[in-house]
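Spelled out, the chains give:
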Amino acid sequence: HWTCPGLPSPPRPICDLRVLNHFIQEARDAEVAMKSCRDGCGLTELVSVPQTTVNFDDWERKNATEQAQEVQTGLWLLHQALGLLQASMTDVDLNNHIDNSIRNLLSINAVLRSLNIQEYTPPTSAVGLEGTWKVSSVAEVLQVHVNFLRGKVRLLLVGAEACQQDVS
Amino acid sequence: MPVVSPHPDQWTYWESCFTLTRRTPPPSPPSASMLLAAEPENPKCFAEGRKAFTCFWEEDEERAGPVEQYSFTYAYQNENGSRCPLTVAPAAGGKKLFVCHLDRIQMFVQLDIQVHRESVMIHNRSLLVELVFLLDPPENVTVSSTGHQGQLNVSWVPPPLKYMDDSMIYEVMYAKEGDPAGQVEVARACSELILRGLQAATRYRVEVRVRLDGITYSGYWSAWSDPVWMETLPADLDPLIVSLTFIITFILFLLCLIVLLSHHRFFIKKVWPTIPVPDSKFQGLFTVYGGDLQEWLRQTSGGLWVTSALLYSEERPSPVEVLSELNLCRSLASPPLPPKACNASTQRDERELSNGSDSAQTDEWRATQQQHWLMERLRETRPGMGSSLLESQDTYVTLSTNNHSEEDHVDDTLEEALPLEMHVASRKTPLSEFHSDLGSGQQSSGSGRLSSQSSFEYPSQGWTPKGPGYTYMAVADSGVSMDYSPMSRVDDLGKVALYANEYKNEIPPHRRPFLTRQYHVHDDG
């Protein structure tokens, strides 16, 4: 045992799912707000978003790294899509929701880092990337955002090894 | 008949040569009835676990066609559609259930469902599978005592669903025995709950149900678990209450004791009242004579009647002063009148007699004269006493003798008892006359003598009252106390005849002058 003064201590794992629940709630609020948008809330081009489909058997057949990469890729794709919405949205209320959602995505990345999940940097281009969908509306983007957080992101946090050690 | 099984793992399948047929068990009656009531859309769909997914709808048996007429198709977002084989199950009330069961499901993606009957869409629905969970009720519900009064500990085993434990909420319903309603407690993401505020020594029924919280996963409330009965602990006596009760009781006892002690005399008098003892009134009656009243009366001096407040409690004995006997100028017993009065009365008498007036008029005049003289004598001889007599006492008595029978039989006055008339003056009236018969019966044999206080001492055996019409005078040792009833007052002074009362006592006639002298002495004294 030796100590090295000045070295930062590893971040404490954030295993409390209430944090993610909060992000999920705000994503739902954005989706609800989108339904009331009439003007200035459309996409001018197709946007790639992560697939949200979860089959538990298929998910459990993947290892932790694959799961982590799939989640981090999806978070990156969502960040890109929300960025495009932010640029094209003129509705102020909806823009606020999108800004909030983008901040939440960055927070989720921080949570993943706290769980010692290896950080994965997807390719700069989503073209040919597996596990993606093409959507053409803001509503679809926000729906994918909600489902991705509730599904794969949550499954990754629930199954994180760092959190399993705290429970045991 | 399809096999009905509560758990999807127990469902059976078979495969025919030409078609893939699944024996899909229909939804359990509780699930079907619950969804029929809870879900307004058709088809009714629910996920029982991570894999099983069931959809069904209900039609009247009369209007429903064969199952071949119907088609159930579903498609996940961004995927091609698929067809679900349907099965038919009877339902209550003449209904039919058309059931679709899927054993591979995908979550967190939109599912589009369409039902057609002979190419006509009859039902259409889009849903997310993770949001229509219908779980089995919790198992192994256990109710136990916590060791504290009014509490019960309820525990259960949550449905075995991975990844969903922290998304489950529970409702614990508890009710007293005989109470159809009850109370509900909510528990989140746990498998144990302590019920508080329960009645002591009461039997409770406990049931539990579960559903997903709706954030990540959602669905319908499960059916209630089988009821579990448990009785709470009996009430214990709170030591604080017991000690306070004891202290308060002790304080109240002390207060009562203090009150009793401070007023013990009052309570003693109330509980044991003093029995009056006549010793004080009859001195020596018990101590000397042993309660023999006759002996006591015999031995007491002069045979005086005792009158006291016991008999005449409202009146003090008034001292009676004998001022004179009647017939002031003529009778030897009469006190010598003042010259004026005597002369006046004598002259008057003579006039009266000479005129031959009847005795009544003479008597009346004589009485008036005597009254006046008596009043004057009272004032002269005893100015203080007389005035006090007049002022302080309500009445005073003058005694005078009258020789009614002077002409007739003077000598008989000794033998006969002549009533002595008394003049009694009261405050209200200058003179009130009272007739009093001093009750000298012929049998009186006792000696009566006049004391210096002008009190009569009657023989102990002696006179007896003559009748109710007469008043009686009782004399005490120290004075004369009268018990008299006024027969006439105020203005009847002249109407009253004066009597001379010669007692049949041992006073011989020749002693009259002695008596007179006594009177005289008394008067002058």
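As the structure is a computational prediction, the values presented were derived from the model and not from experiment.

Draft legend 1. Broad picture of unusual backbone geometry. Between Asn 42 of chain B and the following residue, Pro 43 of chain B, the backbone shows a cis peptide bond with an omega angle of -5°. Relative to the elements of secondary structure, Pro 43 of chain B occurs in the loop between α1 (29–38) and β1 (44–47). One non-glycine residue, Asn 116 of chain A, lies in the positive phi region at around 60°. The topology assignment puts Asn 116 of chain A in the loop between α4 (92–114) and β2 (132–135).

Draft legend 2. Local environment of the sheet that holds strand β3 (residues 70–76) of chain B. Residue and element names in this part refer to chain B. If you walk across this open sheet you meet the four strands as β4-β3-β7-β8, and the pairing is antiparallel. On the outer flanks of this sheet lie β4 (81–84) and β8 (120–128), each paired with one strand and no other. Pairwise comparison of adjacent strand axes, ignoring direction, gives a mean angle of 25° for this sheet. Here strand β7 (residues 110–117) runs beside β8; their pairing, made up of eight bridges, is antiparallel. The residue of β8 that forms the bridge with Asp 112 is Ser 126.

Draft legend 3. Examining the nonpolar core more closely. Grouped together as the largest cluster of nonpolar side chains are 109 residues, with contacts concentrated most on Leu 94 of chain A together with Phe 53, Phe 72 and Tyr 217 of chain B. If you tally residues by element for this core, the top one is helix α5 (residues 138–158) of chain A, at twelve residues. In this view, Phe 53 of chain B contacts Cys 45, Phe 46, Ala 47, Cys 100, His 101, Leu 102, Ile 105, Leu 111, Ile 113, Leu 127, Val 129 and Val 132 of chain B; residues no more than four positions away in its chain are not counted.

Draft legend 4. Just the side chain of His 145 of chain A, in detail. Residue and element names in this part refer to chain A. Examined against the element boundaries, His 145 turns out to sit in helix α5. Owing to a relative accessible area of 1%, His 145 belongs among the buried residues under this scheme. Dropping the residues within four chain positions of it, His 145 is found in contact with Ala 27, Leu 78, Leu 82, Ser 101 and Leu 105.

Draft legend 5. Local environment of the confidence of the model for chain B. Residues and elements named next belong to chain B. Confidence in the prediction of chain B, expressed as mean pLDDT, is 69, and 52% of residues score 70 or more. Low confidence marks residues 307–312, where pLDDT is under 50. Its contacts with residues over four positions away, or in another chain, come to eight contacts. Prediction confidence for the complex, expressed as pTM and ipTM, is 0.56 and 0.89 respectively.

Draft legend 6. A look at the interface of chain B and chain A. Taken together, the contacts link 23 residues of chain B with 23 residues of chain A. Between chain B and chain A, the buried area comes to about 2,100 Å², and carbon and sulfur atoms account for 44% of it. Three residues stand out in chain B for area buried against chain A, namely Phe 108, Tyr 163 and Ile 215 of chain B, and they jointly supply 34% of the buried area on that side. Our enumeration of links across chain B and chain A arrives at six salt bridges. Here Arg 104 of chain B makes a salt bridge to Asp 58 of chain A, at a shortest N to O gap of 2.9 Å. A breakdown of the residues in the side of chain B that touches chain A according to their chemical character gives ten nonpolar, seven polar and six charged.

Draft legend 7. View of the state of the cysteines. Residues and elements named next belong to chain A. In total, this model carries three disulfides over all chains according to the counting rule given. The disulfide that involves Cys 15 links it to Cys 163, with 2.1 Å between the sulfurs. Torsion about the S-S bond of the Cys 15 and Cys 163 cystine: about -95°, corresponding to left-handed handedness. Taken together, the residues Cys 15 in the segment before α1 (17–35) and Cys 163 in helix α6 (residues 161–167) connect sequence positions 148 residues apart.

Draft legend 8. Spotlight on the packing of aromatic side chains. All names here are of chain B. Summed over all chains, the structure comprises twelve aromatic pairs over all chains. Plain terms: the ring middles of Tyr 70 and Phe 98 are 4.4 Å apart, the flat faces sit at 45° to each other, and that makes the pair tilted. Of this pair, Tyr 70 sits in strand β3 while Phe 98 sits in strand β6 (residues 95–102), placing them 28 residues apart in sequence. You can call Tyr 70 buried: its relative accessible area is 3%. Seen in terms of ring centroids, Tyr 174 and Tyr 204 are 6.4 Å apart; in terms of plane orientation they differ by 55°. Their pairing is tilted. Placement of Tyr 174 in strand β12 (residues 168–176) and of Tyr 204 in strand β15 (residues 203–212) is noted, with a sequence separation of 30 residues between them. Assessed through its relative accessible area of 6%, Tyr 204 is described here as buried. Clustering of aromatic rings is evident, with ring pairs tying together Trp 57, Tyr 70 and Phe 98.

Draft legend 9. The UniProt feature "transmembrane region" (unreviewed entry) in chain B, seen in detail. Feature annotation in UniProt places "transmembrane region" (unreviewed entry) on residues 240–261 of chain B, given in this structure's numbering. Helix and strand shares over residues 240–261 of chain B are 100% and 0% respectively, and the end C-alpha atoms of the span are 32 Å apart.

Draft legend 10. Representation of the packing of α4 of chain A against α5 of chain A within the structure. Residues and elements named next belong to chain A. α5 packs onto α4 with a crossing angle of 20° between their chain directions and a minimal axis gap of 13 Å. With respect to α5, the axis of α4 lies roughly parallel. As α4 packs across α5, the resulting crossing turns out to be left-handed. Together, Leu 94, Ser 101, Leu 105, Ile 108, Val 111 and Leu 112 of α4 and Val 138, Leu 142, His 145, Leu 149, Val 153, Leu 156 and Leu 157 of α5 make up the contact between the two elements.

Draft legend 11. Local environment of the side chain of Thr 216 of chain B. Within the element layout of this structure, Thr 216 of chain B appears in the loop between β15 and β16 (219–220). Since its relative accessible area comes to 1%, Thr 216 of chain B is described here as buried. Within the structure, Thr 216 of chain B has its side chain in polar contact with the side chain of Arg 154 of chain A (distance 3.1 Å). When near neighbours in sequence (up to four residues on either side) are disregarded, Thr 216 of chain B contacts Asn 21, Ile 24, Arg 150 and Arg 154 of chain A together with Phe 108, Glu 130 and Leu 131 of chain B.

Draft legend 12. Quick peek at the pairing of strand β13 (residues 183–188) of chain B. All names here are of chain B. In the sheet, β12 pairs with β13 via six bridges, with the strands oriented antiparallel. Bridge pairing links Ile 169 to Arg 188 in β13. Linking β12 back to β13 in an antiparallel pair, the connection comprises six residues, with Gly 178 at a positive phi of about 90°.

Draft legend 13. Spotlight on the sheet that holds β15 of chain B. Residues and elements named next belong to chain B. Overall, antiparallel pairing links the four strands, which are arranged β13-β12-β15-β17 in an open sheet. Only two strands of the sheet have a single neighbouring strand rather than two, namely β13 and β17 (228–231). With direction set aside, neighbouring strand axes in the sheet form an average angle of 30°. Pairing geometry for β15 and β17, over four bridges, is antiparallel. If you follow Arg 203 over to β17, its bridge partner there is Glu 231.

Here is what the cut-offs are and how they apply
Residues numbered from 1 in each chain as written. Chains lettered and ligands numbered in written order. Predicted model: local features only at pLDDT ≥ 70, side-chain atom pairs only at ≥ 80, totals over all residues. Heavy atoms only, no water. Helix = DSSP H or I, 4+ residues; strand = E, 2+ residues; numbered from the N terminus. Pairing = 2+ DSSP bridges. Axes fitted to C-alpha atoms, helices over the stretch in contact; angles between N-to-C directions. Core = buried A, V, L, I, M, F, W, Y, C linked by side-chain atoms within 4.5 Å. Buried < 20%, exposed > 50% of the residue type's maximum accessible area, 1.4 Å probe, protein only. Contact = heavy atoms within 4.5 Å. pLDDT = per-residue confidence, 0-100. Buried area = accessible area lost by both parts, 1.4 Å probe. Salt bridge = Lys/Arg side-chain N within 4 Å of Asp/Glu carboxyl O. Nonpolar A, V, L, I, M, F, W, Y, C, P; charged D, E, K, R; others polar. Disulfide = S-S within 2.5 Å. Phe/Tyr/Trp six-rings, centres within 6.5 Å; stacked < 30°, edge-to-face > 60°. UniProt positions renumbered as here; feature names shortened; annotations may be inferred. Parallel < 35°, antiparallel > 145°, perpendicular 65-115°, else oblique. Left-handed = near helix turned anticlockwise from the far one by under 90°. Polar contact = N/O pair within 3.5 Å; in protein donor to acceptor, adjacent residues only side chain to side chain.

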